[in-house]
Amino acid sequence: MAEENEQQPNQLPAQPTAANPERKTLDDRAKMTELERIRHSCAHVMATAILRLWPDAQFAAGPPVENGFYYDVDLKHRISPEDFEKIEAEMKKEIKANNVFEKIVVTREQAMKDSESGRLGGLAERPGNVSKFKIGNLEAIPEGEPISYFKNGDFIDLCAGPHVMRTGNIGAFKLTSVAAAYYKGDERGPQLQRIYGTAFKNKTALDEYFKMLEEAKRRDHRKIGAEMGLFAIDTEFVGPGMPLWLPKGTVLVEELEKLAKETEFAAGYVRVRTPHLAREKMYQTSGHLPYYADSMFPPIELQEREASDKIKKLEEQSSQAEQRFAEVVAKGDSKEEFFKGQDFMQQQHRLKKEIEELRKAEGLTPERYYLKAMNCPHHHRIFAAEPHSYRDLPLRLAEYGTCYRYEQSGELFGLMRVRSLNMNDAHIYCTEEQFADEFRAVNDMYLKYFKIFGLEKYQMRFSTHAAEGLGKKYVNEPELWKKTEDMVRKVLIESGINYVEVANEAAFYGPKIDVQVWSAIGREFTIATNQVDFAVPAKFGLTYRDKDNSNKTPLCIHRAPLGTHERFIGFLIEHYAGNFPLWLAPDQVRVITLNDDEALINYAKPIVAELRANMVRVDADFSATPFKAKISNAEQLRVHTMLVIGGRDMEAGAVSVRLHHGGPQGAKPKAEVVADILAGIKERRA
RNA sequence: GCCAAUGUAGCUCAGUGGUAGAGCAACGGUUUCGUAAACCGUAGGUCGUCGGUUCAAUCCCGACCAUUGGCUCCA
């Protein structure tokens with residue numbers, strides 16, 4: 001299904017994610033590296049160990065993954081990290097035994113029989129404990145493909161291999177975590193326990209891996225964000241997933257917006273602004289509600305229309321009945337009073353029911369407003385606000401729009417996955433003839449940005465629809481799908497962009513191209529997106545007047561090359577490990593005097609003033625604090641450029657430059673230094 | 001939302017069934033120094049929240065909230 005282009009060396013190969021293990025072909029398996037074989041074998045050893053401790057365990061799938069391996073197990077006992085030591089001890093025994101991984105080719109009938117007896121994925125036959133997941137795996141093997149077992153010691157597993165020769169070939173391993181996972185990744189299916197581990201050729205490589213993880217933690221955007229005072233997430237008062245940008249983080253936000261505004265202005269975009277809310281009708285019309293409602297915050301409901309006199313009258317009667325009932329209850333407890341009370345109660349009940357029915361009949365359902373989860377419908381209404389001629393097209397509407405998405409609680413992740421987000425959004429309305437050029441221009445813009453940020457490790461992913469999703473996941477326009485997908489593919493091929501094509505991942509309104517990047521800890525994210533929309537403009541009745549005086553529906557390109565501030569900045573923090581280039585650095589320059597000598601301060605002050613007058617983010621440390629400490633403070637803040645001033649500099653009309661992480665650069669004439677700083681910012685030097 | 005782990009001062013972390021400590025940061029003072037951390041002192045905590053067990057809970061138990069690692073989902 002995934003059709004792969006040639007990979008550039010700087011791009012990662014497309015990999016099935018842990019979530020969606022594509023069934024490997026025998027060809028793929030033959031290509032498994034030695035490390036992957038070690039890890040796959042280690043998964044078998046782990047299963048062996050788990051069975052010795054809990055013989056009734058049922059195993060599903062246990063492949064090698066990017067940094068190790070896992071095995072999904074169904075087991076009554078909840079495996080927790082406390083159990084790891086026990087399991088690892090059993091694993092060590094199995095490795096020490098140095099059992100051979102023996103391949104046994106069998107018939108489908110034999111495999112089915114061994115599944116039913118519980119033998120597969122077990123140490124022995126387990127009557128009454130059918131290897132149910134192995135049956136599922138067996139059924140997934142195409143007719144004609146050979147069926148094999150791998151056996152180490154008593155453990156026999158349905159497995160196509162390949163493995164290492166002996167369990168003793170597994171050099172070093174460690175169990176790392178336990179998680180819930182659905183069988184075959186299907187939410188509706190049974191939930192299994194997924195035990196993760198990792199394995200390497202030897203202990204040194206294993207230690208190196210954990211050292212690397214520690215390194216990665218150090219550049220985690222959540223850690224650096226706190227250290228540098230970039231953002232805060234106040235879950236108690238603001239809410240989870242809704243970051244607050246602190247002053248220094250706001251610098252990053254505004255620098256990115258500045259970059260986007262300049263770039264988009266040059267590319268012929270116009271800017272618009274839209275509210276954060278819209279009526280329910282907006283999302284009914286756009287078609288988002290049926291596809292997207294789960295990801296949106298629940299609506300704000302307003303009672304806008306007034307009820308009819310008839311309802312008002314009934315409501316009055318109802319409240320009177322309620323009052324009388326209360327009076328009766330308060331008065332006494334005679335039989336007569338009791339029945340009277342019953343009457344009022346029944347009366348009220350009847351009235352309420354009648355009122356409810358009337359409200360429904362009169363269409364008095366409350367008016368609903370939704371927080372916008374995307375900007376496109378608003379932009380569509382901007383298009384609709386004025387009549388358009390083919391001469392106006394392409395019309396490129398840009399906005400850093402604020403959106404709100406109700407992401408599931410377990411999905412939130414620092415700045416990378418949030419509930420309030422600012423999107424580098426724009427919608428390009430164009431004719432079919434203009435489409436290819438516009439689409440290409442958008443791709444060029446991506447590449448321009450990536451160059452500025454030195455972004456080298458990314459993957460372009462072209463997501464197309466799947467026929468079986470038409471009318472459900474995707475708008476039911478089979479011909480339009482084909483046509484637009486062909487157009488996009490053509491542009492991609494023509495512009496020589498390397499990409500991976502993935503079926504059944506498109507937006508509901510059209511195919512898209514996502515740019516995937518990886519966070520410091522290896523998690524994958526879409527950093528930018530570019531989508532074609534051939535469906536929604538028509539739903540809003542958007543048209544332009546063409547040359548032949550007919551009304552036509554424009555195509556729409558959604559694009560967000562800088563993604564969202566939240567994710568993009570989260571990514572940049574990790575990309576630069578907090579050591580931002582001068583133009584982005586929240587603290588660009590700090591002027592530091594050797595001591596608090598008045599002459600030095602008087603020499604330094606005009607330099608600070610000149611830089612500030614040129615919009616440089618500069619501050620000064622003229623304090624009596626020991627000089628080395630002043631340097632250290634500035635380094636810890638990650639101030640990009642430190643201008644150090646002592647007596648020698650003053651006499652020479654110079655300043656000594658020190659760069660964060662770059663060390664002392666020596667003394668230079670102050671005018672030269674100032675000019676260089678200003679140029680570096682203006683050029684957005686790396 | 002699901003599974004698991006975690007939650008002690010602004011940060012990094014100790015700690016105990018008898019109502020809490022260290023380093024850094026902050027604040028006050030001393031210190032006058034050429035490229036990553038001077039010295040002394042002060043202040044700072046309902047030990048995530050709520051409930052339970054107990055004479056007594058930060059510690060044991062439960063629920064909830066949040067974060068983290070995964071799953072599902074996604075910019």
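On a predicted model such as this, the values are computed, not experimentally measured, just so you know.

Definitions and limits used
- Residues numbered from 1 in each chain as written.
- Chains lettered and ligands numbered in written order.
- Predicted model: local features only at pLDDT ≥ 70, side-chain atom pairs only at ≥ 80, totals over all residues.
- Heavy atoms only, no water.
- Helix = DSSP H or I, 4+ residues; strand = E, 2+ residues; numbered from the N terminus.
- Buried < 20%, exposed > 50% of the residue type's maximum accessible area, 1.4 Å probe, protein only.
- Contact = heavy atoms within 4.5 Å.
- Areas by Shrake-Rupley, 256 points an atom, 1.4 Å probe, with all protein chains shown as cover.
- Lys, Arg positive; Asp, Glu negative; His and termini not counted.
- Charge placed at Lys NZ, Arg CZ, Asp CG, Glu CD.
- Pairing = 2+ DSSP bridges.
- Axes fitted to C-alpha atoms, helices over the stretch in contact; angles between N-to-C directions.
- Polar contact = N/O pair within 3.5 Å; in protein donor to acceptor, adjacent residues only side chain to side chain.
- Domains from an automatic or database assignment.
- Patch = residues over 30% accessible without salt bridge, like charges linked within 9 Å, V, L, I, M, F, W, Y side chains within 5 Å.
- Salt bridge = Lys/Arg side-chain N within 4 Å of Asp/Glu carboxyl O.
- Parallel < 35°, antiparallel > 145°, perpendicular 65-115°, else oblique.
- Left-handed = near helix turned anticlockwise from the far one by under 90°.
- Nonpolar A, V, L, I, M, F, W, Y, C, P; charged D, E, K, R; others polar.
- pLDDT = per-residue confidence, 0-100.
- Phe/Tyr/Trp six-rings, centres within 6.5 Å; stacked < 30°, edge-to-face > 60°.
- Lys NZ or Arg CZ within 6 Å of the ring centre and 35° of its normal.
- Expected span 1.5 Å × (residues − 1).
- Arc of directions from axis to C-beta.

Counting its regular elements, chain A contains 21 helices and 29 strands. Judged by the C-alpha coordinates and their principal axes, chain A covers about 90 × 90 × 75 Å. Going through the 686 residues of chain A one by one, you find that 47% of them count as buried. The long-range share in chain A, meaning contacts at least 24 apart out of those at least 6 apart in sequence, stands at 73%. Of the accessible surface of chain A, which amounts to about 34,700 Å², a share of 51% is contributed by carbon and sulfur atoms. Considering chain A, the positive charge centre built from 95 side chains and the negative charge centre built from 102 side chains are found 1 Å apart.

Attention shifts here to the sheet that holds strand 7 (residues 155-158). With antiparallel pairing, the 3 strands of this open sheet are ordered in space as 5-6-7. Looking at which strands have only one partner, the edges of the open sheet turn out to be strand 5 (102-106) and strand 7. Adjacent strand axes in the sheet meet at a mean angle of 25 degrees, parallel and antiparallel pairs treated alike. In this sheet, strand 7 lies alongside strand 6 (residues 147-152) in antiparallel orientation, the contact comprising 4 bridges.

Quick look at the environment of Gly-469 now. By the secondary structure assignment, Gly-469 is in the loop between strand 18 (459-463) and helix 15 (478-494). Along the primary structure Gly-469 and Asn-504 are separated by 35 residues, whereas in three dimensions their C-alpha atoms are 7.7 Å apart.

A word on the side chain of Thr-274. You can see Thr-274 is positioned in the loop between strand 12 (270-271) and strand 13 (277-279). Overall, the relative accessible area of 12% leaves Thr-274 in the buried class. In this structure the side chain of Thr-274 is engaged in a polar contact, spanning 2.7 Å, whose partner is the side chain of Lys-372. Among residues more than four places away in sequence, those in contact with Thr-274 are Lys-372, His-378, His-379, Ile-382 and Glu-399.

What follows deals with the domain arrangement of chain A. What the domain assignment reports for chain A is domain 1 (3-216), domain 2 (249-295 + 371-576), domain 3 (305-365) and domain 4 (589-682). One C-alpha centre belongs to domain 1, the other to domain 4, and the line joining them spans 58 Å.

A cluster of nonpolar side chains, namely Phe-237, Val-238 and Leu-244, defines an oily patch on the protein surface of about 300 Å² accessible area. Along the chain, Leu-244 turns up in strand 11 (residues 244-245). For Leu-244, a relative accessible area of 35% translates into the label partly exposed.

Let's shift gears to the packing of helix 8 (residues 247-266) against helix 14 (residues 432-452). Geometry of a packed helix pair, given as the angle between the helix axes and the separation of the axes. In contact at an axis separation of 12 Å, helix 8 and helix 14 are set at 140 degrees when each is read in the N-to-C sense. The angle between helix 8 and helix 14 places the two elements in the oblique class. Considering how the two elements wind past one another, helix 8 and helix 14 form a crossing that is right-handed. Contact residues: Leu-259, Ala-260, Thr-263 and Glu-264 in helix 8; Met-445, Lys-448, Tyr-449 and Ile-452 in helix 14. Here the contact of helix 8 with helix 14 is composed, by residue class, of 5 nonpolar, 1 polar and 2 charged.

Moving on, we get to the sheet that holds strand 15 (residues 367-371). If you walk across this open sheet you meet the 3 strands as 13-15-14, and the pairing is antiparallel. Either end of the sheet is taken by a strand with one partner, and the two such strands are strand 13 and strand 14 (300-302). Shown here is a sheet whose adjacent strand axes are inclined to one another by a mean of 30 degrees, direction ignored. In this sheet, strand 15 lies alongside strand 13 in antiparallel orientation, the contact comprising 3 bridges. Directly across from Leu-277, in strand 15, lies its bridge partner Leu-371.

Residues at a pLDDT of 70 or more form 94% of chain A, whose mean pLDDT is 87. Here residues 1-22 is a poorly scored stretch, pLDDT under 50, and it has 37 contacts once near neighbours within four places are set aside; other chains count.

One pass over the full model with this rule turns up 21 aromatic pairs. Residues Phe-200 and Tyr-209 carry aromatic rings whose centres are separated by 5.3 Å and whose planes lie at 40 degrees to one another, so their mutual orientation is tilted. This pair shows no difference in class: Phe-200 is buried, exactly as Tyr-209 is. Centroid distance Phe-383 to Tyr-429: 4.7 Å. Interplanar angle 35 degrees. Geometry classified as tilted. With a gap of 46 residues between them, Phe-383 in helix 13 (residues 376-384) and Tyr-429 in strand 17 (residues 420-430) connect regions that are remote in the sequence. Taken as a pair, Phe-383 and Tyr-429 share a single burial class, namely buried. By the ring-pair criterion, three or more aromatic residues cluster together here, those being Phe-59, Tyr-71 and Phe-155. In this arrangement the basic side chain of Arg-39 is found over the ring face of Phe-200, its NZ or CZ atom lying 4.7 Å from the centre.

Here we come to helix 21 (residues 670-682). Helix length check: helix 21 (13 residues) gives 18 Å between terminal C-alpha atoms against 18 Å at 1.5 Å per residue, within 8%. Of all the residues in helix 21, the buried ones are Val-673, Val-674, Ile-677 and Gly-680. Burial along helix 21 is one-sided: seen end-on, the buried residues are contained in an arc of 130 degrees. Among the exposed residues of helix 21, those pointing more than 90 degrees away from its buried face are Ala-671 and Lys-682. Where the residues of helix 21 are buried, they touch strand 25 (589-593), helix 18 (598-613), strand 27 (641-645), strand 28 (654-659) and strand 29 (663-669).

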